[in-house]
Amino acid sequence: QVQLVESGGGLVQAGGSLRLSCAASGRTFSTNVMGWYRQAPGKQRELVADISSSGIINYADFVKGRFTISRDNAKNTVYLQMNSLKPEDTAVYYCNVYQLLYAYWGQGTQVTVSS
């Protein structure tokens, strides 16, 4: 089992910044993909960004140039730096670890961007 603990969500004004963190513990492996998804009310969960253990990164088009994902393999931690936040970024953000064909999810952290 893998446990994921997220932190860093909150309320911010449009144009502001937040940094999310997600620490993984338990049966983590050196080869995996860590990422962030989000789900707004009434919408499906969608990929925000992910990063492999070798550093390959994918971003959703709607965050390119505004968000930056990074990871610290020694700490099994993934980060999401979110800048220039918009009200449409309001959602619950979920940490995800994908390894050995299985996906693990965090409990989610609320990000609210006021206009």
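Details of the structure are given in the entry above.
The following refers to the structure shown.

Cut-offs used in this document
Residues numbered from 1 in each chain as written. Predicted model: local features only at pLDDT ≥ 70, side-chain atom pairs only at ≥ 80, totals over all residues. Heavy atoms only, no water. Pairing = 2+ DSSP bridges. Helix = DSSP H or I, 4+ residues; strand = E, 2+ residues; numbered from the N terminus. Axes fitted to C-alpha atoms, helices over the stretch in contact; angles between N-to-C directions. Core = buried A, V, L, I, M, F, W, Y, C linked by side-chain atoms within 4.5 Å. Buried < 20%, exposed > 50% of the residue type's maximum accessible area, 1.4 Å probe, protein only. Contact = heavy atoms within 4.5 Å. Lys, Arg positive; Asp, Glu negative; His and termini not counted. Salt bridge = Lys/Arg side-chain N within 4 Å of Asp/Glu carboxyl O.

On the basis of which strands lie adjacent, the open sheet formed by four strands has the order β1-β3-β8-β7 and antiparallel pairing. If you trace the sheet from one side to the other, it starts and ends with β1 (2-7) and β7 (67-72), each paired once. Across the sheet, the mean angle from the axis of one strand to that of its neighbour is 15 degrees, orientation sign disregarded. Relative to strand β8 (residues 77-82), strand β3 (residues 18-26) runs antiparallel, the two being bridged by six bridges.

Our focus in this paragraph is the nonpolar core. Nonpolar side chains in soluble globular proteins tend to end up buried together. One finds W36, L80, M82 and Y93 to be the most contacted residues of the largest nonpolar core, which totals 28 residues. Looking at this core, the elements with two or more residues in it are β1, β3, β4 (33-39), β5 (46-52), β7, β8, β9 (91-99) and β11 (109-114). With residues near it in sequence (within four places) discarded, L80 still touches L18, R19, L20, W36, V48, A49, F67, T68, I69 and Y93.

Quick look at the side chain of D50 now. Inspection of the secondary structure puts D50 in strand β5. Nearest to the buried, unbridged D50 among oppositely charged side chains is R71, at 8.8 Å. Ignoring anything within four residues of it in the chain, the contact list for D50 reads V33, M34, G35, I56, I57, N58 and I69.

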